[in-house]
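Next come the chains, spelled out residue by residue.
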Amino acid sequence: MGRQVPLRLESIVEADEPTTPAEGELAKTLQALFGNLPSDLIGVLGADRLHQYRLRNRERLRLRTFKILQDRGVNPEKSTPNPGIMLPLIEAAQEESNPELTELWARLLATTMDNSTALSSRKMYVHILKQLDPIDARVLQLIFRSHPAEAGWSLNDAIVMSEGLRATSAAEKLGITYEAVCAAYVHLENVGCIAVDAYEEDGKVALSTFVTDGLRSALFPAEYAIQDLTKRYAR
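Cut-off values and rules
Residues numbered from 1 in each chain as written. Predicted model: local features only at pLDDT ≥ 70, side-chain atom pairs only at ≥ 80, totals over all residues. Heavy atoms only, no water. Helix = DSSP H or I, 4+ residues; strand = E, 2+ residues; numbered from the N terminus. Buried < 20%, exposed > 50% of the residue type's maximum accessible area, 1.4 Å probe, protein only. Areas by Shrake-Rupley, 256 points an atom, 1.4 Å probe, with all protein chains shown as cover. Axes fitted to C-alpha atoms, helices over the stretch in contact; angles between N-to-C directions. Parallel < 35°, antiparallel > 145°, perpendicular 65-115°, else oblique. Left-handed = near helix turned anticlockwise from the far one by under 90°. Contact = heavy atoms within 4.5 Å. Nonpolar A, V, L, I, M, F, W, Y, C, P; charged D, E, K, R; others polar. Core = buried A, V, L, I, M, F, W, Y, C linked by side-chain atoms within 4.5 Å. Salt bridge = Lys/Arg side-chain N within 4 Å of Asp/Glu carboxyl O. Arc of directions from axis to C-beta. Phe/Tyr/Trp six-rings, centres within 6.5 Å; stacked < 30°, edge-to-face > 60°. Polar contact = N/O pair within 3.5 Å; in protein donor to acceptor, adjacent residues only side chain to side chain.

Caption draft 1: Representation of the overall build of the protein. Helix and strand counts for the protein stand at nine helices and three strands. Listing the helices and strands of the protein from first to last along the sequence gives α-α-α-α-α-α-β-α-α-β-β-α. The 235 residues of the protein split such that 48% are buried. Accessible surface, the protein: about 12,100 Å² in total, of which carbon and sulfur atoms supply 51%.

Caption draft 2: View of the packing of helix α6 (residues 134-146) against helix α7 (residues 167-174). For the pair α6 and α7, the least separation of the axes is 11 Å and the interaxial angle reads 115°. Taken as axis vectors, α6 and α7 run roughly perpendicular relative to one another. As for how α6 packs across α7, the hand of that crossing is right-handed. Only A170, K173 and L174 of α7 make contact with α6, whose side of the interface consists of R138, V139 and L142. Partitioned by chemical class, the residues of the contact of α6 with α7 number four nonpolar, no polar and two charged.

Caption draft 3: Examining the nonpolar core more closely. Core analysis: the biggest nonpolar cluster contains 55 residues, and Y185 and I194 have the highest contact counts within it. When residues of this core are assigned to their parent elements, the largest contribution, eight residues, is made by helix α4 (residues 99-113). Beyond its immediate sequence surroundings of up to four residues, Y185 is in contact with V139, I143, L165, R166, A167, A170, I194, V196, K204, V205 and A206.

Caption draft 4: Spotlight on the pattern of salt bridges. For the coordinates displayed, the defined rule picks out six salt bridges. The residue R64 makes a salt bridge to E103 at a minimum N-O spacing of 2.7 Å. Placement of R64 in helix α2 (residues 49-72) and of E103 in helix α4 is noted, with a sequence separation of 39 residues between them. Judged by relative accessible area, which is 0%, E103 ranks as buried.

Caption draft 5: Structural detail: helix α5 (residues 123-130). Those residues of α5 that sit buried are Y125, V126, I128 and L129. Taken end-on, α5 shows its buried residues confined to a sector of 165°, consistent with a single buried face. Set apart from the buried face of α5 by more than 90 degrees, the exposed residues are K123 and K130. Buried-residue contacts for α5 involve α3 (83-93), α4 and α9 (210-219).

Caption draft 6: View of the packing of aromatic side chains. Here the structure, examined in full by the defined rule, presents one aromatic pair. Ring geometry for F144 against F220: centres 6.3 Å apart, planes inclined by 75°, an arrangement best described as edge-to-face. With F144 in helix α6 and F220 in the segment after α9, this pair connects stretches of sequence that are 76 residues apart. An identical accessibility class is assigned to F144 and F220; each is buried.

Caption draft 7: Main features of α3. By the burial criterion, the buried members of α3 are I85, M86, L89, I90, A92 and A93. Looking straight down α3, one finds its buried side chains confined to an arc of 160°; they lie on one side. In this structure N82 caps α3, since a side-chain oxygen of it lies 2.8 Å from the backbone nitrogen of G84.

Caption draft 8: How the structure looks around the environment of G192. For G192, the position within the fold is in the loop between α8 (178-190) and β2 (195-199). Here G192 falls in the partly exposed class, since its relative accessible area comes to 34%. Sequence separation of G192 and V211 is 19 residues, and the distance between their C-alpha atoms is 7.4 Å. When near neighbours in sequence (up to four residues on either side) are disregarded, G192 contacts I128 and V211.

What follows is the structure, encoded as structure tokens:
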């Protein structure tokens with residue numbers, strides 16, 4: 001079945017919490033990146049509420065991304081992020097104020113800026129995160145944890161061969177209703193993130209796919225390194 005690796009979702013800086021400016025080359029790189037974004041990403045009316053809302057969200061994103069890159073030991077001088085992914089990512093992330101979703105955006109941005117992991121960042125993942133609600137993010141991370149770090153895959157439908165995460169189990173672990181989990185499962189499947197099966201005795205079951213595996217590796221590269229799956233197909 002393979003070893004399961006625990007995930008840690010660290011808290012980000014709250015909107016009204018005073019912050020200490022980061023120092024060093026990495027901080028300068030992020031300051032330059034966020035300071036030179038096209039004006040149409042944040043709006044042209046500097047005094048309107050939407051503009052201020054986006055600025056606060058961007059600052060939280062910048063600070064959290066800096067901390068993640070710092071923890072990963074990224075050398076900013078060797079960072080050459082792809083603007084084709086990075087700019088749409090920041091444009092989408094600045095609309096989000098929820099801490100759990102901001103954490104996922106910051107992790108994806110850090111992966112995009114790190115040359116050692118940048119290839120695992122895809123525009124598809126930006127599209128997926130844009131459509132998630134906070135409860136979807138919580139359910140998705142539980143699916144990440146339930147999916148074995150190493151597992152066999154079905155050759156025909158690219159679905160991981162495991163029992164999956166039953167909705168009743170997810171509801172109990174997250175302290176939410178079964179109906180809320182099922183709604184999250186349906187939405188996550190609709191955005192192309194997981195596959196959903198159904199057993200009569202226990203309702204819906206979330207199954208991991210190649211997209212699930214890739215997104216998990218992009219968000220948590222240290223915990224779930226991208227692996228060659230060709231050797232793990234079911235025979």
